[in-house]
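Listed here are the chains, written in short residue letters.
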Amino acid sequence: MIIKKVLQKVKSTLQRYIWILALPIFIYSWIEYDKRKTDIRVNREITYGKVNSSSSIYKKYSKRSYNYSFLYQGKRYDGTSSAYTSDDIKYQMFYKVEFSSKNPSHNQMIFDTAFVQVIRNQDHLDTIYMPYEEYLKNISRYKLSKQQMNQDWDQSDTRAVDIDSLKVLMNRN
């Protein structure tokens, strides 16, 4: 009985003065947030990161928290940024990541444009990031030109001649 009264007294006291506990936590969080933003602004670098997963923040159709990863100087870093569901964030796509070169764990993803990672192998391996919309246009153009070439080839009455045979014919004349 006495323990129950003591617990009720403690509970009511905590409820009245909870703000005293919450205020320092809020102030500390705000200061750390400001330090992080300042660090990113002062030591700013930009790279590309891939969206790996997301989770709901408050309501099912509100903001979402997106988990992503990026590479900097051969090391992998993870981050979390939030965006609205209506922003149409695509999973496994790349977006720009703004981070501090002195502390890459201070980072944030910029969700304005989705990018596709394109790896080219000409003289050496090269990775470029192409905006997703531009990538789709290029793929469409490629398919159309390939289809047009196939139609032109099908409609022509010429036979395929290998290059060596053509050189021999040209040298005779």
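This text follows the structure it describes.
Residues numbered from 1 in each chain as written. Predicted model: local features only at pLDDT ≥ 70, side-chain atom pairs only at ≥ 80, totals over all residues. Heavy atoms only, no water.

**Q** Quick one: what's the story with the pairing of strand β3 (residues 75–84), residue by residue and with numbers?
**A** Judged from the 10 bridges that link them, strand β2 (residues 63–72) and β3 form a sheet pairing that is antiparallel. Residue pairing for β3: Y72 is matched across the bridge by K75. (Pairing = 2+ DSSP bridges. Helix = DSSP H or I, 4+ residues; strand = E, 2+ residues; numbered from the N terminus.)

**Q** Just give me the short version of the sheet that holds β3, but keep the residues and values in it.
**A** Strand order in the open sheet formed by six strands is β3-β2-β1-β4-β5-β6, and the pairing between neighbours is antiparallel. Each of the sheet's edge strands pairs with one partner strand only, and the pair in question is β3 and β6 (125–131). For this sheet, the mean angle separating the axes of adjacent strands, direction not counted, is 45°. Where helix α1 (residues 2–42) meets the sheet, its contacts fall on β1 (44–56), β4 (94–100) and β5 (107–121), and the angle it forms with β5 comes to roughly 40°. (Axes fitted to C-alpha atoms, helices over the stretch in contact; angles between N-to-C directions. Contact = heavy atoms within 4.5 Å.)

**Q** So, the pattern of salt bridges: which residues are in play, and what are the values?
**A** Using the criterion set out here, one finds four salt bridges in the structure. Its salt-bridge partner being E32, residue K35 comes within 3.6 Å of it at the nearest N-O pair. You can see K35 and its partner E32 sitting in helix α1, three residues apart, about one turn around the helix. On the basis of relative accessibility, which here comes to 49%, the residue K35 falls in the partly exposed class. Across the pair R76 and D78 runs a salt bridge whose closest N-O atoms are separated by 3.1 Å. (Salt bridge = Lys/Arg side-chain N within 4 Å of Asp/Glu carboxyl O. Buried < 20%, exposed > 50% of the residue type's maximum accessible area, 1.4 Å probe, protein only.)

**Q** How would you sum up the nonpolar core? Please name residues and give values.
**A** Counting 18 residues, the largest nonpolar core has V51, F70, I89, Y95, M109 and F111 as the members making the most contacts within it. For this core, the secondary structure elements donating two or more residues are β2, β3, β4 and β5. A per-element tally of this core places β5 first, with five residues. Residues in contact with M109, not counting those within four places in the same chain, are G49, K50, V51, Y68, S81, Y95, K96 and V97. (Core = buried A, V, L, I, M, F, W, Y, C linked by side-chain atoms within 4.5 Å.)

**Q** I'd like to hear about the environment of Q92, residue by residue, with values.
**A** The topology assignment puts Q92 in the loop between β3 and β4. A relative accessible area of 45% means that Q92 is categorised as partly exposed. For the pair Q92 and S53, spaced 39 residues apart in the sequence, the C-alpha separation amounts to 8.3 Å. Ignoring sequence-local partners within four residues, the contact set of Q92 consists of K50, V51 and N52. A polar atom in the side chain of Q92 sits 3.4 Å from the side chain of K50. (Polar contact = N/O pair within 3.5 Å; in protein donor to acceptor, adjacent residues only side chain to side chain.)

**Q** I'd like to hear about the packing of aromatic side chains, residue by residue, with values.
**A** Tallying each qualifying case throughout the model produces 10 aromatic pairs. Between the aromatic rings of Y66 and F111, the centroid separation amounts to 5.4 Å while the plane-to-plane angle is 55°, which identifies the pairing as tilted. With Y66 in strand β2 and F111 in strand β5, this pair connects stretches of sequence that are 45 residues apart. Each member of the pair, Y66 together with F111, is buried. Put simply, the rings of Y48, F94, F115 and Y129 pair up and form one aromatic cluster. A cation over an aromatic ring shows up here: K63 above the ring of Y84, its NZ or CZ 5.1 Å from the ring centre. (Phe/Tyr/Trp six-rings, centres within 6.5 Å; stacked < 30°, edge-to-face > 60°. Lys NZ or Arg CZ within 6 Å of the ring centre and 35° of its normal.)

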